[in-house]
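Chains, contacts and geometry: an overview
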Amino acid sequence: MTSRTPQPGTAEMVTVTTGRRVAYLVVLVLLPVLLLALAVPAAWGWGVGPRDLVIAAAMYLVSIFGIAIGYHRLFTHRAFKAGRALRIALMLAGGMAVEGPLTLWAAEHRRHHKYADREGDPHSPWRYGDSGLALLRGMAHAHVGWFYTARHRSSRRHWVPDLLADPDVRRFDAAYPGVVLLSFALPAAAGGLWSMSWPGAWSALLWGGLVRYAVVHHVTWSVNSIAHTFGDRPFRTRDRSSNVWWVAMLTLGEGWHNWHHVEPACARHGVLRGQLDPSARLIRWFERAGWAHGVRWPDPVRLTARRAGPASPGPAERPAAPRGLPPPPGDA
Ligand SMILES: [Zn+2]
Ligand SMILES: [Zn+2]
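Analysis parameters
Residues numbered from 1 in each chain as written. Chains lettered and ligands numbered in written order. Predicted model: local features only at pLDDT ≥ 70, side-chain atom pairs only at ≥ 80, totals over all residues. Helix = DSSP H or I, 4+ residues; strand = E, 2+ residues; numbered from the N terminus. Rg over C-alpha atoms; globule rule 2.2 N^0.38 Å. Buried ≥ 20, exposed ≤ 12 C-beta atoms within 10 Å, placed from the backbone. Contact = placed C-beta atoms within 7 Å. UniProt positions renumbered as here; feature names shortened; annotations may be inferred. Arc of directions from axis to C-beta. pLDDT = per-residue confidence, 0-100. Expected span 1.5 Å × (residues − 1). Axes fitted to C-alpha atoms, helices over the stretch in contact; angles between N-to-C directions. Left-handed = near helix turned anticlockwise from the far one by under 90°. Nonpolar A, V, L, I, M, F, W, Y, C, P; charged D, E, K, R; others polar. Core = buried A, V, L, I, M, F, W, Y, C linked by C-beta atoms within 7 Å.

What follows is about the overall build of the protein. Assigned secondary structure in the protein consists of 14 helices and 4 strands. Against the globule reference of 20 Å for 332 residues, the protein gives a C-alpha radius of gyration of 20 Å, in line with a compact fold. Taking the principal axes of the C-alpha coordinates as reference, the protein spans close to 65 × 45 × 40 Å. Across the 332 residues in the protein, those meeting the buried criterion constitute 46%. For the protein, the proportion of contacts with a sequence separation of at least 24, taken over those separated by at least 6, is 70%.

Okay, here's the thing in structure tokens:
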């Protein structure tokens, strides 16, 4: 480690119990994979009807927008301010993704930005080295592995005191198990009422609830794994954040990840020509409707200043991340 590399302090992390790690293993690693595996024979055997597709697509949009605009841009990075009704709506929408209570998500993500691709980053794909199997192992770690292997989590008291001080956020986190139930009950109810039948409710629960939750997870985690490994990097950053167009489309704008690491508090991630960012578009609509204000839009001067010049290092010559990042203190 160079002396310029900040070291994670002990106050920044808390120990995770084995029981909790096993719960993470089931909910965040194993269950989504099992559900995706289950979806294949289900689709093969019975097919997916248009009703289930519509319900699943609606739940997907709500979950991904909720994570991108709510959990990520509003609560973690304060890219804009919103009235109470919109804040609560975005919190609930983010909760539909079943990616954990808001404060937990935001704490891990703020630590990711502070240490991105260096020691202390909770999920860098470069953790084990730069090439071959080491990189593959790092990508698996960045995608879902870290949920189970990390013996420490980001301390909420250290990373998100502002969110802990917000009574609405505290209430939302306390009600989180109920929010998860809602994430599955809503599509089931929609399917049941639409078809006026129990089989309609069950198949909507499968596609709009269970399969959608598994897809949403892997789409979100691909920002951590794919958009820190492949893709182009038009802006200079100290990390390896990059732009991957298909990740950006699936995540409704979040895959334009390179500029996001230059200015995390910027409400728009896709800042270059042709970089469609539906989440930024929606924030713009909220602003026009008077529901959002103080939106931090990109500054053209900053954009130009941070553009990597023609002589900027390509993937092969980039300064290597420290090989085999040592684990954070106590992370045996
Ligand atoms: Zn990142
Ligand atoms: Zn971020």
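Cross-referencing UniProt, the feature "transmembrane region" (unreviewed entry) maps to residues 22-47, 53-74 and 86-107 in the present numbering. A helix fraction of 100% and a strand fraction of 0% characterise residues 53-74, whose end C-alpha atoms lie 29 Å from each other. Secondary structure across residues 86-107 comprises 73% helix and 0% strand; the distance between its end C-alpha atoms is 22 Å.

With that out of the way, let us pick up helix α8 (residues 167-174). Three or more residues of α8 are buried, namely Val169, Phe172 and Asp173. End-on view of α8: buried residues confined to an arc of 95°, all on one side of the axis. What points out from α8, more than 90 degrees from its buried face, is the exposed set Pro167, Arg171 and Ala174. For α8, the elements touching its buried residues are α3 (84-95), α4 (102-115), α7 (161-164) and α9 (176-195).

With 90% of its residues at a pLDDT of 70 or more, the protein shows a mean pLDDT of 90. Across residues 311-332, where pLDDT falls below 50, the model places 32 contacts with residues more than four positions away in sequence or in other chains.

Compared with an ideal rise of 1.5 Å per residue, which puts 12 residues at 16 Å, α3 spans 16 Å between its outermost C-alpha atoms and is within 8% of the ideal. The set of residues buried in α3 consists of Arg87, Leu90, Met91, Ala93, Gly94 and Gly95. Buried residues along α3 sit in contact with α2 (50-76), β2 (81-82), α4, α8 and α9.

The bulk of non-glycine residues show a negative phi, and the bulk of peptide bonds are trans. One non-glycine residue, Met196, lies in positive phi territory at about 50°. Topologically, Met196 is positioned in the loop between α9 and α10 (198-225). The backbone of Leu252 shows a phi angle near 60°, a positive value even though the residue is not glycine. Assignment of secondary structure puts Leu252 in the loop between α11 (245-250) and α12 (257-262).

Quick look at the packing of α2 against α10 now. In contact at an axis separation of 9 Å, α2 and α10 are set at 35° when each is read in the N-to-C sense. The element α2 and its partner α10 pack so that their crossing is right-handed. Touching Asp52, Ile55, Ala56, Met59, Tyr60, Ser63, Ile64 and Ile67 of α2 are Ser203, Ala204, Trp207, Gly208, Val211, Arg212, Val215, Val216, Val219 and Thr220, all from α10. Residues belonging to the contact of α2 with α10 are distributed by class as follows: 12 nonpolar, 4 polar and 2 charged.

We now examine the nonpolar core. Among the nonpolar cores identified, the biggest contains 64 residues, and Ile64, Leu102 and Ala106 are the most heavily contacted of them. Those residues in contact with Ala106 that sit more than four places away from it in its chain are Tyr71, Phe75, Thr76, Val160 and Leu163. If you look at the next biggest cluster of nonpolar residues, it comprises 7 residues, including Met139, Val144, Trp146 and Phe147.

A word on the environment of His269. Tracing the backbone through its elements, the reader meets His269 in the loop between α12 and α13 (278-288). Sequence separation of His269 and Pro298 is 29 residues, and the distance between their C-alpha atoms is 8.7 Å.

A separate point is the environment of Arg118. Secondary-structure assignment places Arg118 in the loop between α4 and α5 (132-149). As a C-alpha pair, Arg118 and Asp239 span 121 residues in sequence and 7.8 Å in three-dimensional space.

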